[in-house]
Amino acid sequence: MRMSFDQRLGSHLKRVEQELQTVKAAAVKPAGLTVPQYAALFVLDEQPGISAAELARRCAVTPQTMTTILRNLESAGMIERTPHPLHKHVIETRPTPAGRKALDQADERAAGVERRLAAAFSEEELDTLRALLARVSESLTSDPILKT
């Protein structure tokens, strides 16, 4: 028997994810950033020098998409890319002062989105929601269809 749209958890997850992206896009736009650019700067600020491949994994985008994100951030003067001192084929990427300023501005607003979202739940509900989302992730990443 076919599942209806409302019965499918994926449709609810996708809707909420799109709503979160829409709100975060509005939050980071005044800083001159897109959500993917914000995510990249956020990770780079935590892990300066990270490789583009690892950055793509941390931001959940393809390496090709990360290349475009980094090219745009570099053109805007928000990151600098330099060869690794020992591994000449590895390019290290770091935020510039302008990138950190944009990140700080964007993060203040994005963190506000996260705080308002969390405020809709009690601490116990947040713990439960995190645990349920972890179970969703585990179920999806261990799905047998991925092994075919």
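Located above this text is the structure these notes cover.
Residues numbered from 1 in each chain as written. Predicted model: local features only at pLDDT ≥ 70, side-chain atom pairs only at ≥ 80, totals over all residues. Heavy atoms only, no water.

Observations concerning the packing of aromatic side chains
One pass over the full model with this rule turns up one aromatic pair. Taking 5.9 Å as the distance between ring centres and 50 degrees as the angle between the ring planes, the aromatic pair formed by Y38 and F42 counts as tilted. Pair noted here: Y38 and F42 are both in helix α2 (residues 35-46), with a separation of four residues, about one helical turn. Judged by relative accessible area, Y38 falls into the buried class, the value being 9%. For F42, a relative accessible area of 32% translates into the label partly exposed. (Phe/Tyr/Trp six-rings, centres within 6.5 Å; stacked < 30°, edge-to-face > 60°. Helix = DSSP H or I, 4+ residues; strand = E, 2+ residues; numbered from the N terminus. Buried < 20%, exposed > 50% of the residue type's maximum accessible area, 1.4 Å probe, protein only.)

Some thoughts on the nonpolar core
Grouped together as the largest cluster of nonpolar side chains are 23 residues, with contacts concentrated most on L33, L55, M66 and L73. For this core, the elements supplying multiple residues, two or more each, are α2, α3 (52-59), α4 (63-75) and α5 (97-119). Among the elements that make up this core, the one with the highest residue count is α2 (six residues). Those residues in contact with L33 that lie beyond four places of it in its chain are V28, Y38, L41, L73, M78, A102, L103 and A106. (Core = buried A, V, L, I, M, F, W, Y, C linked by side-chain atoms within 4.5 Å. Contact = heavy atoms within 4.5 Å.)

Structural notes on α4
With 13 residues, α4 should cover 18 Å at 1.5 Å per step; its first-to-last C-alpha distance of 18 Å lies within 8% of that length. Inspection of α4 places M66, I69, L70 and L73 among the buried residues, and these make up the whole buried set. When α4 is viewed along its axis, its buried side chains cluster within an angular range of 95 degrees and face the same direction. Residues of α4 that are exposed and angled more than 90 degrees away from the buried face: Q64 and S75. Those residues of α4 hidden inside the fold are in contact with α2, α3, β1 (79-83) and β2 (91-95). In the stretch just after α4, G77 is the one whose phi turns positive, near 75 degrees. (Expected span 1.5 Å × (residues − 1). Arc of directions from axis to C-beta.)

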